Amino acid sequence: MPATTHANRRPRLARALAAAGVGAAVLALPIVGATTASAAPTAPTAATAYPSNLDGWIRQSLDVMAQNGIPGTYDGIYRNVMRESSGNPLAINNWDSNAAAGTPSKGLLQVIDPTFAAYHVPGTAFDPYDPVANITAACNYAAARYGSIDNVFGAY
């Protein structure tokens, strides 16, 4: 639609309101005191949608962690993910002592299967390669062992 058409709409609307008379203008005014009233917050009607990327996985994990009382911050998780897997949810370590013992570290935060099973958080997938499940289980473990993932600055 040309820009001139949009400009022409306003005068038509103004003329229509003027033709309707004062009654239309009164309907548009707020009710006295209505601006000071507060509505009760409403619960979201749909589940929060998270992007399927590292940012979304961390944010979703933080929400699950908050619901389960697991401490941690975005920065602490991100720092550890970048060190452990460079953000690859399918990362696997086939060369360290865990791998030599038959239990390689897996996923974003390089969790071994027994640790994942012990610290898995209900409501997340029971799959160490699932990004949200991996982050949440690792943060649960870090909270038990170090107080928070934020206190982890090396292999753990």
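For the structure, check the block above.
Described in the following lines is the structure provided in the data block. (Residues numbered from 1 in each chain as written. Predicted model: local features only at pLDDT ≥ 70, side-chain atom pairs only at ≥ 80, totals over all residues. Heavy atoms only, no water.)

## Considerations on the overall build of the chain
From N to C terminus, the chain includes seven helices and two strands. Residue burial in the chain is summarised as follows: out of 156 residues, 31% are buried. Within the chain, residue pairs in contact and separated by at least 24 positions form 47% of the contacts whose partners lie at least 6 positions apart. Accessible surface, the chain: about 9,800 Å² in total, of which carbon and sulfur atoms supply 59%. (Helix = DSSP H or I, 4+ residues; strand = E, 2+ residues; numbered from the N terminus. Buried < 20%, exposed > 50% of the residue type's maximum accessible area, 1.4 Å probe, protein only. Contact = heavy atoms within 4.5 Å. Areas by Shrake-Rupley, 256 points an atom, 1.4 Å probe, with all protein chains shown as cover.)

## Overview of the packing of helix H3 (residues 54-67) against helix H7 (residues 131-146)
Packed helices, taken two at a time, are described by the angle their axes make and the gap between the axes. Running from N to C, H3 and H7 cross one another at 50°; their axes reach a closest spacing of 9 Å. In terms of their interaxial angle, H3 and H7 are classed as oblique. In this structure, H3 meets H7 at a crossing whose hand is right-handed. Judged by residue contacts, Trp57, Ile58, Gln60, Ser61, Val64 and Met65 of H3 engage Pro131, Val132, Ile135, Thr136 and Cys139 from H7. Of the residues belonging to the contact of H3 with H7, the class tally is eight nonpolar, three polar and no charged. (Axes fitted to C-alpha atoms, helices over the stretch in contact; angles between N-to-C directions. Parallel < 35°, antiparallel > 145°, perpendicular 65-115°, else oblique. Left-handed = near helix turned anticlockwise from the far one by under 90°. Nonpolar A, V, L, I, M, F, W, Y, C, P; charged D, E, K, R; others polar.)

## A word on the nonpolar core
Formed by 23 residues in total, the largest nonpolar core has its most connected members in Ile77, Ile135 and Cys139. Where this core is concerned, the elements lending two or more residues are H3, helix H4 (74-85) and H7. Those residues in contact with Ile77, other than ones at most four positions away along the chain, are Ile58, Leu62, Met65, Leu109, Ile135, Cys139 and Ile149. (Core = buried A, V, L, I, M, F, W, Y, C linked by side-chain atoms within 4.5 Å.)

## Overview of the pattern of salt bridges
Taken as a whole and judged by the stated rule, the model has three salt bridges. The partner of Arg59 in a salt bridge is Asp55, with the nearest N and O atoms 2.9 Å apart. Of the two residues, Arg59 and Asp55 are both situated in helix H3; the distance of four residues between them amounts to about one turn of the helix. The exposure class assigned to Asp55 is partly exposed, which follows from its relative accessible area of 27%. Of the charged contacts, one joins Glu84 and Arg83 as a salt bridge, the two residues approaching to 3.1 Å between their closest N and O atoms. (Salt bridge = Lys/Arg side-chain N within 4 Å of Asp/Glu carboxyl O.)

## Focus: H3
End to end, H3 covers 20 Å across 14 residues, agreeing with the expected 20 Å (1.5 Å per residue, within 8%). Within the sequence span of H3, burial applies to Leu54, Gly56, Trp57, Ile58, Ser61, Leu62, Val64 and Met65. Those residues of H3 that are buried are in contact with H4 and H7. Measuring from the backbone nitrogen of Asp55 back to the side-chain oxygen at the start of H3 gives 3.2 Å, which picks out Asn53 as the cap. Gly69, located one to two residues past H3, shows a positive phi value of around 70°. (Expected span 1.5 Å × (residues − 1). Polar contact = N/O pair within 3.5 Å; in protein donor to acceptor, adjacent residues only side chain to side chain.)

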